[in-house]
Amino acid sequence: MSPVSGDANFDIDDDSNKGQIDLFTGKELTKIEKFNRDIEELIRDSGELTNAELFLWTLEQGHPPKHSASHLRKLKKQKRIFYEGRSPKIVFDCLNNEGDLVNIK
């Protein structure tokens, strides 16, 4: 697993060069940056999701649950979202119950 792109042991999509800003097109987002932007939009548009819904959405996007969990922790620290407890619980076990709510502030 690549720490840069998260899905291969080599830079298949040239993410290491995406930090450079182009004068005409702007900065091209890496896969993880795009994923973080998309999860924020998903929460903003829905207003309220369960951790089970976020878990399934994360898998559908082709990312490991730890990507969404770490970004949700960051958003909670910035007081942009709210969920009970210290962890957003984006894990397989959340599918066994109704799930906890993740709310936008």
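Just above, that's the structure.
All figures in this text were calculated on a predicted structure; none of them were measured in a lab.

Caption draft 1: Molecular detail of the pattern of salt bridges. In this structure the tally under the stated criterion is 4 salt bridges. A salt bridge links Lys34 to Asp38; the shortest N-O distance between them is 2.9 Å. Here Lys34 pairs with Asp38, and both are found in helix H1 (residues 31-46), just 4 residues apart, close to one helical turn. On the basis of relative accessibility, which here comes to 41%, the residue Lys34 falls in the partly exposed class. Taking relative accessible area as the criterion, Asp38 reaches 15% and is therefore assigned buried.

Caption draft 2: Helix H2 (residues 51-60), seen in detail. Those residues of H2 that fall on the buried side of the exposure criterion are Asn51, Ala52, Leu54, Phe55, Trp57 and Thr58. After H2 finishes, the residue Gly62 shows a positive phi value of roughly 85 degrees.

Caption draft 3: Fine view of the environment of Gln61. Structurally, Gln61 can be placed in the loop between H2 and helix H3 (65-77). You can call Gln61 partly exposed: its relative accessible area is 37%.

Caption draft 4: Representation of the side chain of His63. Relative to the elements of secondary structure, His63 occurs in the loop between H2 and H3. Residue His63 is classed as buried on the basis of its relative accessible area of 11%. Here the side chain of His63 touches His67 through a polar contact of 2.9 Å, side chain to side chain. Those residues in contact with His63 that sit more than four places away from it in its chain are Lys31, Ile32, Phe35 and Thr58.

Caption draft 5: Region of interest: the packing of H1 against H2. One way to put it is that H1 packs onto H2 with a least axis distance of 12 Å and a crossing angle of 145 degrees. When the axes of H1 and H2 are compared, the crossing they make is right-handed. Counting all contacts with H1, which are made through Phe35, Asp38, Ile39, Leu42 and Ile43, the residues of H2 involved are Leu54, Trp57 and Thr58. For the contact of H1 with H2, the class distribution of residues is 6 nonpolar, 1 polar and 1 charged.

Caption draft 6: Examining the packing of aromatic side chains more closely. Applying the stated rule across the entire model yields 1 aromatic pair. Between Phe35 and Trp57, the ring centres sit 5.4 Å apart and the planes meet at 25 degrees, which makes this aromatic pair stacked. You can see Phe35 sitting in helix H1 and its partner Trp57 sitting in helix H2, a full 22 residues away along the chain. Under the relative-accessibility criterion, Phe35 is labelled buried at 3%.

Cut-offs applied
Residues numbered from 1 in each chain as written. Predicted model: local features only at pLDDT ≥ 70, side-chain atom pairs only at ≥ 80, totals over all residues. Heavy atoms only, no water. Salt bridge = Lys/Arg side-chain N within 4 Å of Asp/Glu carboxyl O. Helix = DSSP H or I, 4+ residues; strand = E, 2+ residues; numbered from the N terminus. Buried < 20%, exposed > 50% of the residue type's maximum accessible area, 1.4 Å probe, protein only. Polar contact = N/O pair within 3.5 Å; in protein donor to acceptor, adjacent residues only side chain to side chain. Contact = heavy atoms within 4.5 Å. Axes fitted to C-alpha atoms, helices over the stretch in contact; angles between N-to-C directions. Left-handed = near helix turned anticlockwise from the far one by under 90°. Nonpolar A, V, L, I, M, F, W, Y, C, P; charged D, E, K, R; others polar. Phe/Tyr/Trp six-rings, centres within 6.5 Å; stacked < 30°, edge-to-face > 60°.

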